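Listed below, chain by chain, are the residues.
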Amino acid sequence: MDGKAEPLDAIIVGAGISGLYQLHRLREMGMRARVIEAADGVGGTWYWNRYPGARCDIPSMSYSYSFSPELEQDWEWTEKYPSQPEVLRYLEHVADRFGLLRDITLGTRVTAARFDEAAARWTVTTDPAGELAARFLILATGCLSVPKLPEIPGLDRYRGRVHRTARWGAGEESFDGLRVGVIGTGSSGIQVIPVIARQAAELTVFQRTPNFSMPAGNRPLDPAEVAGMKARYRQWRQAQRASGFGMPSDPPTRSALDVSPAERDAAYQAGWDRGDLTSLIRAKIRATVHDRDLAEALSPRTFPIGTKRPCLDTGYYATFNQAHVRLVDLRATPLAEFTPAGVRTSEREHELDAIVLATGFDALTGAIAAIDIRGQGGAALADAWRDGPRNYLGLAVAGFPNLFTITGPLSPSVLSNMMVSIEQHVEWIADCIAALAAAGRRTIEATERAQENWVRHVAMVGAVTLFPTADSWYMGANVPGKPRVFLPYLGGVGEYRRKCDQVAAQGYRGFTLA
Ligand code: FAD
Ligand code: NAP
């Protein structure tokens, strides 16, 4: 791969939802762009996370691209919440339909990128060895794409099978007759545990922090419902873009205290049945899990609801009623080490034939930090972000001209239906690049002042909420040594879009164009 022979307008890192759409959008503008993707296929999250039970928890007809009304009409989703294979099939279809693969290099990791000031160009280094250069560098590297291993010694000594939910390979499905241990009870653990319980001879769940989970209520889509959505898709998409989290909802019209207890309970029950009510969770755990102590151990107590990402599940709590399923409460007996035969807690050794690690991600900054990025004067992004990410609008970094991040830190990102946030960033970046070309400018760079103000604004909005009180991955708290900073922007998808559009309308206020 030698970019000198083939000058590019843009290099896009990552071929997930973000990278695929960014490529399509830039090509439509007549630009030459190339995507570099570490995986051997497209799809990003939905390529890597093939664990049994993996499923989207935003309804399929909302977790889908809106940029092509024809695609929207042609694609037939089969379930309310699409399974991982269905989302992956959809993204492969998009890559195929828009002829994207010819501009995607698979199986190749970007390891470094440096900005050449004289040429106003980014040069990117890859593994396997290669180099290519382009005016713009767009990081579509994903918010949840760098898996995190548990911080416990001895994994290399363990002799059984090791599976990672975030790197699930083909043929890893069967746990028939095995003694299996699952470490981690976040969204991934909560999805995989009920499925493995159906296969394993014994299942031991190692739980450090119990999570809030609600029944997903997944079901096949009704043809009339699909037709109805397809008929009003344009209005729906508009409402998504203007909403708080990328999912429109009707605001409540009455206080819970204004209605009778019976009416209130019926409304709560209806909410529970729909899978979108949170206040009854602890009571529901007690009602579902037969053993009182076990129910209590599964009940979250240490953080306010919503300050860690709530989970949707299919039969999670009921799984613990099965005789062959056991919970080990790591708050009482912490994990000490992996042993050749299994894992040892402070209490005893657990012998296991297979261990499933559902231990999360180095979220939002992990994939960016994994690339050695050098901006003006050779300055390293790693140094600029030593105390936490600093950028303007969650899109651009002072000192790093012509570099953009899609749904990176300090943007709504993971606090939204990601599809909506991804489309907004891709379109803003494409429009910005077009505006720059139209103005005959070569570079665009966030000013230090605009960046300072943005970082302060994001922190201020986060600080008036309960989010910073939880040890969550939103705060970087799950990765030892990572600075504690509230990483996503809580201002809401619609309001954030308005701010970004305003900056563009005002000639890219807060940026220097040269
Ligand atoms: P990704 O899909 O993460 O793609 C990034 C790609 O960049 C990856 O393929 C990676 O290999 C590649 N890459 C990274 N670094 C490099 C490098 N240096 N060189 C080359 N390639 C590189 N969001 C929702 O809104 N709703 C959901 O229900 C939902 N469910 C999820 C379920 C799981 C299991 C996970 C992990 C995440 C989920 N998310 C969900 C978040 C999800 O990540 C986003 O919705 C979306 O898929 C992100 O797309 P992306 O293209 O931005 O990033
Ligand atoms: P996660 O939410 O970070 O959960 C990781 C789990 O592993 C937590 O229970 C954590 O415990 C535990 N853990 C980590 N290190 C450990 C250690 N050293 N010892 C013991 N336990 C350890 O990760 P995730 O489940 O992969 O989910 C990440 C995000 O991906 C989600 O929040 C969501 O945004 C997305 N996702 C969505 C879906 C979906 O339903 N659509 C599915 C999967 C993932 P602590 O809580 O104590 O740290």
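Look a little higher up for the structure.
Keep in mind that this is a model prediction, so the values were computed, not measured. (Residues numbered from 1 in each chain as written. Chains lettered and ligands numbered in written order. Predicted model: local features only at pLDDT ≥ 70, side-chain atom pairs only at ≥ 80, totals over all residues. Heavy atoms only, no water.)

Chemist: Tell me what's going on with the sheet that holds strand β12 (residues 325–329), and back it up with residues and numbers.
Modeler: Taken in spatial order, the five strands of this open sheet run β7-β16-β8-β9-β12, and their pairing is parallel. Every other strand in the sheet has two partners, leaving β7 (161–164) and β12 as the edge strands with one partner each. Neighbour-to-neighbour, the strand axes of this sheet turn through a mean angle of 20 degrees, independent of strand direction. Bridge analysis of strand β8 (residues 179–183) against strand β9 (residues 202–207) gives five bridges, and the strand direction is parallel. The residue bridging Val 182 from the neighbouring strand is Val 205, located in β9. (Pairing = 2+ DSSP bridges. Helix = DSSP H or I, 4+ residues; strand = E, 2+ residues; numbered from the N terminus. Axes fitted to C-alpha atoms, helices over the stretch in contact; angles between N-to-C directions.)

Chemist: Could you give me a rundown of the packing of helix α6 (residues 223–231) against helix α7 (residues 233–242), with the residues and numbers involved?
Modeler: Close contact between α6 and α7 brings their axes to 5 Å; oriented N to C, the two are set at 75 degrees. Judged by the angle between their axes, α6 and α7 are roughly perpendicular. Contacts between α6 and α7 involve Met 229, Lys 230 and Ala 231 on the former and, on the latter, Tyr 233, Gln 235 and Trp 236. Grouping the amino acids of the contact of α6 with α7 by side-chain chemistry returns four nonpolar, one polar and one charged. (Parallel < 35°, antiparallel > 145°, perpendicular 65-115°, else oblique. Contact = heavy atoms within 4.5 Å. Nonpolar A, V, L, I, M, F, W, Y, C, P; charged D, E, K, R; others polar.)

Chemist: Explain the packing of α7 against helix α16 (residues 493–505) to me, and be specific about the residues and the numbers.
Modeler: When two helices pack together, their arrangement is given by the angle between their axes and by how far apart the axes lie. Running from amino to carboxyl end, α7 crosses α16 at an angle of 80 degrees, the nearest separation of the two axes being 6 Å. With respect to α16, the element α7 is oriented roughly perpendicular. Contacts from Gln 240, Arg 241 and Ala 242 in α7 reach Val 493, Gly 494 and Arg 497 in α16. Here the residues of the contact of α7 with α16 are counted per class, giving two nonpolar, two polar and two charged.

Chemist: Tell me what's going on with the site of ligand 2, and back it up with residues and numbers.
Modeler: Around ligand 2, 25 residues are found, and the nearest of them are Glu 151, Ser 188, Arg 208, Thr 209 and Arg 309. Between ligand 2 and the protein, one listed contact pairs an oxygen atom with a side-chain N or O atom of Ser 188 at 2.7 Å. Measuring from an oxygen atom of ligand 2, one finds a side-chain N or O atom of Lys 308 at 3.0 Å. The fraction of the free accessible surface of ligand 2 (910 Å²) that becomes covered by protein chains is 89%. Looking at the shell around ligand 2 element by element, the count peaks at three residues for helix α5 (residues 187–199). (Near = heavy atom within 4 Å. Polar contact = N/O pair within 3.5 Å; in protein donor to acceptor, adjacent residues only side chain to side chain. Areas by Shrake-Rupley, 256 points an atom, 1.4 Å probe, with all protein chains shown as cover.)

Chemist: Please set out the site of ligand 1 residue by residue, giving values where relevant.
Modeler: Among the 33 residues in the neighbourhood of ligand 1, the closest are listed as Ser 18, Glu 37, Thr 45, Asp 57 and Tyr 63. Ile 17 places a polar main-chain atom, nitrogen or oxygen, 2.9 Å from an oxygen atom of ligand 1. At 3.4 Å from an oxygen atom of ligand 1 is found a side-chain nitrogen or oxygen belonging to Trp 46. Counting only elements with at least two residues in the shell around ligand 1, the list comes to α1 (17–28), α2 (45–48), β4 (109–116) and α14 (418–438). Of all the elements, α2 adds the most residues to the shell around ligand 1, at three residues. Considering only residue class, the shell around ligand 1 consists of 17 nonpolar, 12 polar and four charged.

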